[in-house]
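Now for the letters of each chain:
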Amino acid sequence: NKCISDPYEPGSVFKLVTAAASLDTGTATTNSGYTCPGYQIVAGNRIHCWKHAGHGNLSFAEAIQRSCNPSFMQMGQALGTANFSKYFDSFGLTEVTGIDLPGEASGIYHPEEKMGIAELSSSAFGQTFKVTPIQMITAASATINGGYLVQPYVVKQVIDSDKNIVESYEPVVKRQVVSSETSEIMQDMGEFVVATDEGSGRNARIEGYRIGGKTGTGEKLDNFVDGEQVIEYILSFYAFLPADDPEYAVLITLDEPVVGDAQSSTIAVPVVAARLEDIIPYLGIEPSYTASE
(Lines give C-alpha, C1' and ligand atoms only; values in the text may rest on other atoms or scores of the structure.)
Protein backbone atom coordinates (compact mmCIF):
# COMPACT_ATOMS: atom_id res chain seq x y z
CA ASN A 1 0.00 0.00 0.00
CA LYS A 2 2.03 2.95 -1.30
CA CYS A 3 -0.08 5.44 0.65
CA ILE A 4 1.32 4.19 3.95
CA SER A 5 4.44 2.19 3.09
CA ASP A 6 6.28 4.15 0.39
CA PRO A 7 8.09 7.33 1.49
CA TYR A 8 8.57 9.90 -1.29
CA GLU A 9 9.86 13.45 -1.73
CA PRO A 10 6.65 15.48 -1.47
CA GLY A 11 7.80 18.56 -3.34
CA SER A 12 5.74 21.71 -3.14
CA VAL A 13 2.72 20.29 -1.28
CA PHE A 14 5.04 20.52 1.72
CA LYS A 15 5.20 24.30 1.29
CA LEU A 16 1.93 24.46 3.24
CA VAL A 17 3.88 23.26 6.29
CA THR A 18 6.71 25.77 5.81
CA ALA A 19 4.25 28.62 5.28
CA ALA A 20 2.14 27.70 8.33
CA ALA A 21 5.24 27.38 10.55
CA SER A 22 6.53 30.73 9.31
CA LEU A 23 3.24 32.48 10.08
CA ASP A 24 2.94 30.80 13.46
CA THR A 25 6.43 31.88 14.57
CA GLY A 26 6.05 35.38 13.15
CA THR A 27 9.10 34.97 10.88
CA ALA A 28 6.70 35.69 8.00
CA THR A 29 3.43 37.56 7.73
CA THR A 30 0.88 38.07 5.00
CA ASN A 31 2.76 41.32 4.28
CA SER A 32 6.11 39.58 3.71
CA GLY A 33 7.75 39.89 0.30
CA TYR A 34 10.22 37.73 -1.64
CA THR A 35 12.42 38.09 -4.74
CA CYS A 36 12.84 35.34 -7.33
CA PRO A 37 15.43 35.85 -10.11
CA GLY A 38 14.88 32.22 -11.14
CA TYR A 39 17.37 30.72 -8.70
CA GLN A 40 18.90 31.00 -5.24
CA ILE A 41 22.57 30.57 -4.35
CA VAL A 42 22.85 28.34 -1.27
CA ALA A 43 26.22 27.19 0.10
CA GLY A 44 27.81 27.93 -3.27
CA ASN A 45 25.21 25.98 -5.25
CA ARG A 46 22.65 27.49 -7.63
CA ILE A 47 19.21 26.01 -6.95
CA HIS A 48 16.72 26.82 -9.67
CA CYS A 49 13.07 27.74 -9.45
CA TRP A 50 10.77 25.69 -11.66
CA LYS A 51 10.37 28.95 -13.61
CA HIS A 52 13.95 29.57 -14.73
CA ALA A 53 13.12 33.09 -15.92
CA GLY A 54 12.11 33.93 -12.36
CA HIS A 55 8.94 35.28 -10.76
CA GLY A 56 10.35 38.67 -9.78
CA ASN A 57 8.94 40.23 -6.61
CA LEU A 58 6.22 38.21 -4.87
CA SER A 59 3.99 38.67 -1.85
CA PHE A 60 3.54 35.89 0.69
CA ALA A 61 0.30 34.79 -1.00
CA GLU A 62 1.85 34.93 -4.48
CA ALA A 63 4.80 32.81 -3.35
CA ILE A 64 2.35 30.05 -2.39
CA GLN A 65 0.06 30.65 -5.37
CA ARG A 66 2.91 30.35 -7.89
CA SER A 67 4.84 27.74 -5.88
CA CYS A 68 8.11 29.67 -6.04
CA ASN A 69 11.13 27.72 -4.75
CA PRO A 70 13.48 30.68 -4.06
CA SER A 71 10.72 32.37 -2.05
CA PHE A 72 10.42 29.29 0.13
CA MET A 73 14.18 28.97 0.51
CA GLN A 74 14.15 32.54 1.83
CA MET A 75 11.16 31.70 4.03
CA GLY A 76 12.89 28.60 5.41
CA GLN A 77 16.11 30.47 6.13
CA ALA A 78 14.16 33.14 8.04
CA LEU A 79 12.39 30.38 9.98
CA GLY A 80 15.74 28.85 10.96
CA THR A 81 16.88 25.31 11.64
CA ALA A 82 15.55 25.07 15.20
CA ASN A 83 12.06 26.32 14.35
CA PHE A 84 11.88 24.29 11.14
CA SER A 85 12.84 21.09 12.97
CA LYS A 86 10.42 21.83 15.81
CA TYR A 87 7.44 22.24 13.47
CA PHE A 88 8.52 19.34 11.24
CA ASP A 89 8.27 17.18 14.36
CA SER A 90 5.05 18.80 15.61
CA PHE A 91 3.35 18.15 12.27
CA GLY A 92 4.00 14.44 12.85
CA LEU A 93 6.63 13.98 10.14
CA THR A 94 9.24 12.33 12.37
CA GLU A 95 6.91 9.49 13.39
CA VAL A 96 4.32 7.15 11.92
CA THR A 97 0.74 8.41 12.01
CA GLY A 98 -0.55 5.32 13.83
CA ILE A 99 -3.24 4.60 11.25
CA ASP A 100 -5.00 1.24 11.78
CA LEU A 101 -3.40 -0.46 8.78
CA PRO A 102 -0.38 -2.81 8.70
CA GLY A 103 3.00 -1.95 7.22
CA GLU A 104 3.16 1.80 7.89
CA ALA A 105 6.62 3.19 7.17
CA SER A 106 8.31 6.21 8.70
CA GLY A 107 9.99 8.97 6.74
CA ILE A 108 13.64 9.87 6.11
CA TYR A 109 14.64 13.39 7.09
CA HIS A 110 17.48 15.64 8.25
CA PRO A 111 17.73 15.76 12.07
CA GLU A 112 18.31 19.22 13.50
CA GLU A 113 21.90 18.53 14.54
CA LYS A 114 22.80 17.57 10.94
CA MET A 115 20.79 20.27 9.16
CA GLY A 116 22.90 22.97 7.54
CA ILE A 117 21.79 25.88 5.37
CA ALA A 118 21.66 23.65 2.26
CA GLU A 119 19.45 21.02 3.91
CA LEU A 120 17.22 23.67 5.47
CA SER A 121 16.76 25.49 2.16
CA SER A 122 15.90 22.39 0.14
CA SER A 123 13.66 20.95 2.85
CA ALA A 124 11.70 24.22 3.00
CA PHE A 125 10.32 23.55 -0.49
CA GLY A 126 9.81 19.81 -0.01
CA GLN A 127 12.99 18.17 -1.34
CA THR A 128 15.88 16.06 0.07
CA PHE A 129 13.67 14.26 2.61
CA LYS A 130 10.91 11.68 2.36
CA VAL A 131 7.52 11.17 4.00
CA THR A 132 4.65 8.83 3.20
CA PRO A 133 1.49 10.14 1.53
CA ILE A 134 -0.51 9.44 4.73
CA GLN A 135 1.99 11.54 6.73
CA MET A 136 1.77 14.32 4.14
CA ILE A 137 -2.03 14.52 3.98
CA THR A 138 -2.21 14.41 7.79
CA ALA A 139 0.30 17.26 8.14
CA ALA A 140 -1.23 19.32 5.32
CA SER A 141 -4.67 18.96 6.86
CA ALA A 142 -3.33 20.23 10.18
CA THR A 143 -2.43 23.50 8.46
CA ILE A 144 -6.06 24.19 7.47
CA ASN A 145 -8.33 22.38 9.97
CA GLY A 146 -7.84 24.82 12.84
CA GLY A 147 -4.26 23.70 13.43
CA TYR A 148 -4.85 20.22 14.85
CA LEU A 149 -2.82 17.09 14.12
CA VAL A 150 -5.39 14.29 14.00
CA GLN A 151 -4.54 10.59 13.91
CA PRO A 152 -6.01 9.05 10.75
CA TYR A 153 -8.09 5.89 11.04
CA VAL A 154 -10.10 3.62 8.75
CA VAL A 155 -12.43 1.58 10.96
CA LYS A 156 -15.29 3.46 12.62
CA GLN A 157 -17.07 0.51 14.25
CA VAL A 158 -16.80 -3.25 14.65
CA ILE A 159 -20.24 -4.88 14.61
CA ASP A 160 -21.03 -8.52 15.42
CA SER A 161 -23.47 -10.82 13.61
CA ASP A 162 -26.37 -9.53 15.73
CA LYS A 163 -25.50 -5.96 14.75
CA ASN A 164 -24.27 -5.09 18.22
CA ILE A 165 -21.43 -2.58 18.33
CA VAL A 166 -18.40 -4.44 19.66
CA GLU A 167 -15.92 -1.59 19.32
CA SER A 168 -16.17 2.07 18.36
CA TYR A 169 -13.44 4.48 17.29
CA GLU A 170 -13.44 8.26 17.45
CA PRO A 171 -11.02 10.85 16.09
CA VAL A 172 -7.90 11.34 18.23
CA VAL A 173 -6.39 14.82 18.30
CA LYS A 174 -2.71 14.46 19.08
CA ARG A 175 -1.94 18.16 19.56
CA GLN A 176 -2.52 21.64 18.25
CA VAL A 177 0.38 22.45 15.95
CA VAL A 178 -0.44 26.00 14.83
CA SER A 179 -2.93 28.57 16.06
CA SER A 180 -6.46 28.84 14.71
CA GLU A 181 -5.54 32.30 13.36
CA THR A 182 -2.64 30.83 11.38
CA SER A 183 -4.91 28.07 10.10
CA GLU A 184 -7.52 30.56 8.89
CA ILE A 185 -4.87 32.39 6.90
CA MET A 186 -3.70 29.08 5.40
CA GLN A 187 -7.27 28.31 4.31
CA ASP A 188 -7.25 31.59 2.39
CA MET A 189 -3.81 30.86 0.94
CA GLY A 190 -4.96 27.43 -0.27
CA GLU A 191 -8.09 28.86 -1.85
CA PHE A 192 -5.95 31.52 -3.54
CA VAL A 193 -4.00 28.70 -5.28
CA VAL A 194 -7.20 27.39 -6.90
CA ALA A 195 -9.40 30.46 -7.30
CA THR A 196 -6.99 32.79 -9.13
CA ASP A 197 -5.89 32.55 -12.76
CA GLU A 198 -2.21 32.66 -11.74
CA GLY A 199 -2.66 29.87 -9.20
CA SER A 200 -0.99 26.51 -9.87
CA GLY A 201 -4.22 24.74 -8.80
CA ARG A 202 -6.60 26.68 -11.05
CA ASN A 203 -7.55 23.53 -12.98
CA ALA A 204 -9.26 22.21 -9.81
CA ARG A 205 -12.03 24.80 -9.89
CA ILE A 206 -15.59 23.44 -9.75
CA GLU A 207 -18.38 26.00 -10.05
CA GLY A 208 -20.40 26.39 -6.90
CA TYR A 209 -17.71 25.10 -4.53
CA ARG A 210 -14.89 26.75 -2.60
CA ILE A 211 -11.82 24.55 -3.03
CA GLY A 212 -8.29 25.08 -1.76
CA GLY A 213 -5.13 23.16 -2.45
CA LYS A 214 -1.43 22.97 -3.21
CA THR A 215 0.45 21.42 -6.11
CA GLY A 216 3.64 19.41 -5.80
CA THR A 217 6.30 18.37 -8.32
CA GLY A 218 8.90 16.28 -6.52
CA GLU A 219 12.16 15.10 -8.07
CA LYS A 220 13.27 11.56 -7.23
CA LEU A 221 16.85 12.45 -6.36
CA ASP A 222 17.94 8.92 -5.45
CA ASN A 223 16.96 7.35 -8.78
CA PHE A 224 20.05 5.76 -10.43
CA VAL A 225 20.36 3.50 -13.48
CA ASP A 226 23.76 1.84 -14.08
CA GLY A 227 25.37 4.35 -11.75
CA GLU A 228 23.90 7.37 -13.55
CA GLN A 229 21.34 9.64 -11.91
CA VAL A 230 18.07 9.67 -13.80
CA ILE A 231 15.66 12.39 -12.68
CA GLU A 232 12.07 11.17 -12.54
CA TYR A 233 9.12 12.97 -10.99
CA ILE A 234 6.25 12.44 -8.63
CA LEU A 235 3.43 14.86 -9.42
CA SER A 236 0.84 15.50 -6.73
CA PHE A 237 -2.02 17.72 -5.67
CA TYR A 238 -3.56 18.19 -2.25
CA ALA A 239 -7.10 19.62 -2.21
CA PHE A 240 -9.53 20.49 0.56
CA LEU A 241 -13.12 21.70 0.71
CA PRO A 242 -15.07 23.70 1.63
CA ALA A 243 -12.12 26.09 1.69
CA ASP A 244 -13.57 28.31 4.43
CA ASP A 245 -14.53 25.39 6.72
CA PRO A 246 -12.66 22.27 5.56
CA GLU A 247 -14.26 18.87 6.03
CA TYR A 248 -12.71 16.81 3.23
CA ALA A 249 -9.19 16.43 1.87
CA VAL A 250 -7.74 14.57 -1.10
CA LEU A 251 -4.10 13.88 -1.95
CA ILE A 252 -3.24 12.14 -5.21
CA THR A 253 0.34 11.32 -6.23
CA LEU A 254 1.34 10.23 -9.73
CA ASP A 255 4.60 8.27 -9.65
CA GLU A 256 6.73 8.82 -12.77
CA PRO A 257 3.91 9.78 -15.14
CA VAL A 258 4.87 9.41 -18.80
CA VAL A 259 4.35 12.96 -20.02
CA GLY A 260 6.33 15.47 -22.02
CA ASP A 261 6.26 18.36 -19.55
CA ALA A 262 5.99 17.01 -16.01
CA GLN A 263 4.02 19.72 -14.20
CA SER A 264 1.54 18.91 -11.46
CA SER A 265 -0.61 21.92 -12.39
CA THR A 266 -1.50 20.39 -15.75
CA ILE A 267 -1.22 16.68 -14.98
CA ALA A 268 -2.10 15.98 -11.33
CA VAL A 269 -4.61 18.78 -10.66
CA PRO A 270 -7.19 17.65 -13.28
CA VAL A 271 -7.06 14.10 -11.85
CA VAL A 272 -7.99 15.43 -8.41
CA ALA A 273 -10.69 17.67 -9.91
CA ALA A 274 -12.25 14.65 -11.59
CA ARG A 275 -12.27 12.76 -8.28
CA LEU A 276 -13.86 15.71 -6.50
CA GLU A 277 -16.60 15.88 -9.11
CA ASP A 278 -17.40 12.24 -8.26
CA ILE A 279 -17.10 12.68 -4.49
CA ILE A 280 -19.05 15.93 -4.00
CA PRO A 281 -22.49 14.60 -5.12
CA TYR A 282 -21.98 11.43 -3.06
CA LEU A 283 -21.29 13.51 0.05
CA GLY A 284 -24.31 15.69 -0.62
CA ILE A 285 -22.45 19.00 -0.35
CA GLU A 286 -24.76 21.76 -1.57
CA PRO A 287 -23.32 24.23 -4.10
CA SER A 288 -23.28 27.95 -3.50
CA TYR A 289 -22.93 29.91 -6.72
CA THR A 290 -21.52 33.39 -7.08
CA ALA A 291 -23.43 35.97 -9.13
CA SER A 292 -21.12 35.44 -12.12
CA GLU A 293 -21.48 31.63 -11.92
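Scroll up a little and you will see the structure.
Overview of the structure.

The rules behind the values
Residues numbered from 1 in each chain as written. Predicted model: local features only at pLDDT ≥ 70, side-chain atom pairs only at ≥ 80, totals over all residues. Heavy atoms only, no water. Helix = DSSP H or I, 4+ residues; strand = E, 2+ residues; numbered from the N terminus. Rg over C-alpha atoms; globule rule 2.2 N^0.38 Å. Buried < 20%, exposed > 50% of the residue type's maximum accessible area, 1.4 Å probe, protein only. Contact = heavy atoms within 4.5 Å. Areas by Shrake-Rupley, 256 points an atom, 1.4 Å probe, with all protein chains shown as cover. 1 Å grid on protein atoms, 1.4 Å probe; cavity = no way out; pocket = protein on both sides within 12 Å on 5 of 7 lines; lining within 4 Å. Points joined across faces, edges and corners; volume = space filled by probe spheres on them. Nonpolar A, V, L, I, M, F, W, Y, C, P; charged D, E, K, R; others polar.

Counting its secondary structure elements, the chain contains nine helices and 13 strands. Here the C-alpha atoms of the chain give a radius of gyration of 19 Å, agreeing with the 19 Å that 2.2 N^0.38 yields for 293 residues. Each of the three principal axes of the chain carries a C-alpha extent, and together these read 70 × 50 × 40 Å. Each of the 293 residues in the chain was classed as buried or not, and the buried ones make up 47%. Once local pairs closer than 6 in sequence are excluded, the contacts in the chain between residues at least 24 apart make up 67%. Accessible surface, the chain: about 13,800 Å² in total, of which carbon and sulfur atoms supply 49%.

This part takes up the side chain of S71. Tracing the chain through its elements places S71 in helix 4 (residues 69-79). S71 sits in the buried class, given a relative accessible area of 0%. Excluding anything up to four places from it in sequence, S71 contacts Y34, L58 and A63.

Under the defined criterion, the tally for this structure stands at one cavity of 30 Å³ or more. Volume-wise, the largest cavity comes out at about 50 Å³. Forming the walls of the largest cavity are F91, G92, E95, V96, T97, Q135, T138, L149, V150, Q151, P152 and K174. Listed by contribution, the elements that provide at least two residues to the lining of the largest cavity are helix 7 (133-144) and strand 5 (148-151). Counting residues per element, the lining of the largest cavity draws most heavily on strand 5, at three residues. Looking at side-chain class alone, the lining of the largest cavity contains five nonpolar, five polar and two charged residues.

Attention shifts here to the layout of surface pockets. Empty space within the largest pocket amounts to approximately 970 Å³. I134, I137, T138, S141 and A249 are, among the 36 residues lining the largest pocket, the residues nearest its centre. At the level of elements, helix 1 (2-5), helix 7, strand 5, strand 9 (212-220), strand 12 (232-241) and strand 13 (248-255) are the ones that each hand at least two residues to the lining of the largest pocket. For the lining of the largest pocket, the leading source of residues is helix 7, giving seven residues. One number sums up the size of the second largest pocket: a volume of about 820 Å³. Contributing elements (two or more residues each) for the lining of the second largest pocket: strand 3 (45-48), strand 9 and helix 9 (264-283).

By themselves, these are just geometric observations and shouldn't be taken as functional.
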